[in-house]
Amino acid sequence: KGKSPFKDPEYISDLRECEACDYHYRYGKGHVSPLLRHMGIPGQDNTVESAKEMGKYFSEKFGGTIYDILLNPTGGFISDTTRSGEYMYGKIDVVVEKGISLARKLIGEMNGVGGGGRLEMDVHSQGGLIAYNILTRMTAEEQSMISVRTYGTAKVIMTDICAGAENFVSRSEEHTSEL
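Keep in mind it's a predicted model, so treat the numbers as computed, not measured.

The rules behind the values
- Residues numbered from 1 in each chain as written.
- Predicted model: local features only at pLDDT ≥ 70, side-chain atom pairs only at ≥ 80, totals over all residues.
- Heavy atoms only, no water.
- Pairing = 2+ DSSP bridges.
- Helix = DSSP H or I, 4+ residues; strand = E, 2+ residues; numbered from the N terminus.
- Axes fitted to C-alpha atoms, helices over the stretch in contact; angles between N-to-C directions.
- Phe/Tyr/Trp six-rings, centres within 6.5 Å; stacked < 30°, edge-to-face > 60°.
- Buried < 20%, exposed > 50% of the residue type's maximum accessible area, 1.4 Å probe, protein only.
- Lys NZ or Arg CZ within 6 Å of the ring centre and 35° of its normal.

This brings us to the sheet that holds strand β5 (residues 146–151). Pairing is mixed in the open sheet, where six strands are placed in the order β1-β3-β2-β4-β5-β6. Every interior strand has two partners, whereas the edge strands, β1 (24–27) and β6 (164–168), have only one. Strand-to-strand twist of the sheet, defined as the mean angle between neighbouring strand axes without regard to direction, takes the value 20°. Strand direction decides the pairing type here: β5 and β6, joined by five bridges, are parallel. Among the inter-strand pairings, V148 is bridged to a residue of β6, identified as A165.

Pasting the structure below:
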C-alpha cells in the first residue's frame, strides 16, 4: 500500500524478461505455408508467463506451427488500466514499437509487401488497443496483408485499417455498438 506499481517484483521480473527477449517469444516449429504467419498480443494484467501460455496454446491449436507472441509486461491492474487509457489516445510506447517491428519482420518472412502473404493477429483485451496502434502506423500495403481476430477487446478493429477483422465480444459490452 502506497508503493509504486513499477516497483512490484512481478512487474520488474516481467520487464526484465521482455527486455531480454526483445518483447517477443516464438513457439512451435515450421509454418503451415510460407505465406502465412501468426502473431498474438495478450491483454492487460497478463504476466509474461501467461502470455507464453497463450503462445503455446495457439501454436498447439494450429498444429504445433510457429506462433509469435508480442510480450506486454504487466504493472498490475491500476498501471495497466492507465496504459490502456494512454493507448486509447494513440500513445506509442516500447510495446507498440516492438509490435510494429515484429509485424514487419513477419511480413518480411513472407516475401515482404506485395509477396502475397497474410499475417493473422489474435489479440485479447488491451491487446486490441496495442494492435490498433500498430496497424495505424503501418502502410496501407502492410495493412492489406494483416487480418485480426479480437477476443474481449478493449478496441474493436474495423476493416478500414486491415485486410480482415473478426471481433469476438459479449453483447453486454458497451463498445459493441461499433459493430
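Now that the structure has been shown, we can carry on.
This next bit is on the packing of aromatic side chains. For the structure on display, the rule yields seven aromatic pairs. Judged by centre distance (6.2 Å) and plane angle (15°), the ring pair of F62 and Y67 falls under stacked. A relative accessible area of 27% means that F62 is categorised as partly exposed. Each residue in the set Y57, F58, F62, Y67, Y151 and F168 is aromatic and connected to the rest through ring pairs, giving one cluster. In this structure, K52 packs its charged tip against the face of Y25, placed 4.5 Å from the ring centre. Here the guanidinium or amino end of K155 rests over the ring plane of Y132, the centre of that ring lying 4.8 Å away.

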